[in-house]
Amino acid sequence: MKKLSKDRYESPLCSRYASERMQYIFSPDYTFLTWHRLWLALAENERALGLNVTQEQVDELRENLDIIDYEAADKYERSLRHDVMAHIRAWGDHCPKARGIIHLGATSCYVDDNGDLIAYREALRQIRMLLVKGIDAIAGFAE
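Here is what the cut-offs are and how they apply
Residues numbered from 1 in each chain as written. Predicted model: local features only at pLDDT ≥ 70, side-chain atom pairs only at ≥ 80, totals over all residues. Heavy atoms only, no water. Helix = DSSP H or I, 4+ residues; strand = E, 2+ residues; numbered from the N terminus. Contact = heavy atoms within 4.5 Å. Patch = residues over 30% accessible without salt bridge, like charges linked within 9 Å, V, L, I, M, F, W, Y side chains within 5 Å. Areas by Shrake-Rupley, 256 points an atom, 1.4 Å probe, with all protein chains shown as cover. Salt bridge = Lys/Arg side-chain N within 4 Å of Asp/Glu carboxyl O. Buried < 20%, exposed > 50% of the residue type's maximum accessible area, 1.4 Å probe, protein only. Phe/Tyr/Trp six-rings, centres within 6.5 Å; stacked < 30°, edge-to-face > 60°. Lys NZ or Arg CZ within 6 Å of the ring centre and 35° of its normal. Axes fitted to C-alpha atoms, helices over the stretch in contact; angles between N-to-C directions. Parallel < 35°, antiparallel > 145°, perpendicular 65-115°, else oblique. Left-handed = near helix turned anticlockwise from the far one by under 90°. Nonpolar A, V, L, I, M, F, W, Y, C, P; charged D, E, K, R; others polar.

For the rest of this paragraph, the subject is the side chain of H36. By the secondary structure assignment, H36 is in helix α3 (residues 28–48). Those residues in contact with H36 that lie beyond four places of it in its chain are N64, L65, I67, I68 and W91.

Attention shifts here to a nonpolar patch on the surface. A grouping of L124, I127, L131 and I135 is seen on the molecular surface, where their side chains present a nonpolar patch of about 410 Å² in accessible area. Relative to the assigned elements, L124 resides in helix α7 (residues 108–142). The exposed category is assigned to L124, whose relative accessible area is 55%.

Time to look at the pattern of salt bridges. Under the counting rule described, the total for this entry stands at six salt bridges. With a closest N to O distance of 3.1 Å, K97 and E56 form a salt bridge. One end of the pair, K97, is in the loop between α6 (83–94) and α7; the other, E56, is in helix α4 (residues 55–63), and 41 residues separate them in sequence. Of the charged contacts in the structure, one is a salt bridge between R125 and E122, with a shortest N-O distance of 3.6 Å. With a gap of three residues between them, R125 and E122 both fall in helix α7, about one helical turn apart. On the accessibility criterion, R125 (47% relative accessible area) is partly exposed. One network of salt bridges, in which partners are shared, links R21, E122 and R125.

With that out of the way, let us pick up the packing of aromatic side chains. The relation between two aromatic rings is expressed through the spacing of the ring centres and the mutual angle of the planes. Enumeration over the complete set of coordinates arrives at six aromatic pairs. Taken together, a centroid distance of 6.4 Å and an interplanar angle of 35° make the contact between F26 and Y120 tilted. One end of the pair, F26, is in the loop between α2 (20–25) and α3; the other, Y120, is in helix α7, with 94 residues separating them in the sequence. Given a relative accessible area of 43%, Y120 falls into the partly exposed group. Ring centres of W35 and W39 lie 6.0 Å apart, and the angle between their planes is 65°; on these two criteria the pair is classed as edge-to-face. With a gap of four residues between them, W35 and W39 both fall in helix α3, about one helical turn apart. Accessibility expressed as a relative area gives 3% for W35, which makes it buried. Exposure remark for W39: the relative accessible area of 0% places this residue in the buried category. Among the aromatic side chains, those forming a connected cluster through ring pairs are F32, W35, W39, Y70 and W91. Positioned above the aromatic ring of Y30 is the side chain of R37, whose terminal nitrogen or guanidinium carbon lies 6.0 Å from the ring centre.

Once that is clear, we can look at the packing of α3 against α4. Between α3 and α4, the shortest axis-to-axis distance is 10 Å and the interhelical angle comes to 165°. As far as their axial angle goes, α4 and α3 are roughly antiparallel. Classified by chirality, the crossing of α4 by α3 is left-handed. Counting all contacts with α3, which are made through W39, L40, A43, E44 and R47, the residues of α4 involved are Q55, V58, L61 and R62. In terms of residue class, the contact of α3 with α4 is built from five nonpolar, one polar and three charged.

Right under this line is the structure:
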């Protein structure tokens, strides 16, 4: 029988009370995929504004949008001590043509703050949906 590991902190807010969807919204996968979408949007808009960003670079980012290399990011973060730079480098390994334009002209806040706001918006949409369903159920019961 395999022993379950319990050597890490686990929040009851997550394990007991959060839905699978809400857990995903605040997961590393959601965070870093959101960062990729933000970097793609940045590159597309920089290209549209005439910066030195090629369509080939934008296409390469789009083609590799769903690749998150946690192993490479962990390696880079150990040496750089910076999560955003680590993920820029890790994604750049999979997008060699676009490596130089990932995060071009942006600060860490571009992905950190906007990524958090996108997650909060999605979480609030989930809460709104649940509230509407709850209100509908109560209204039906009351009738």
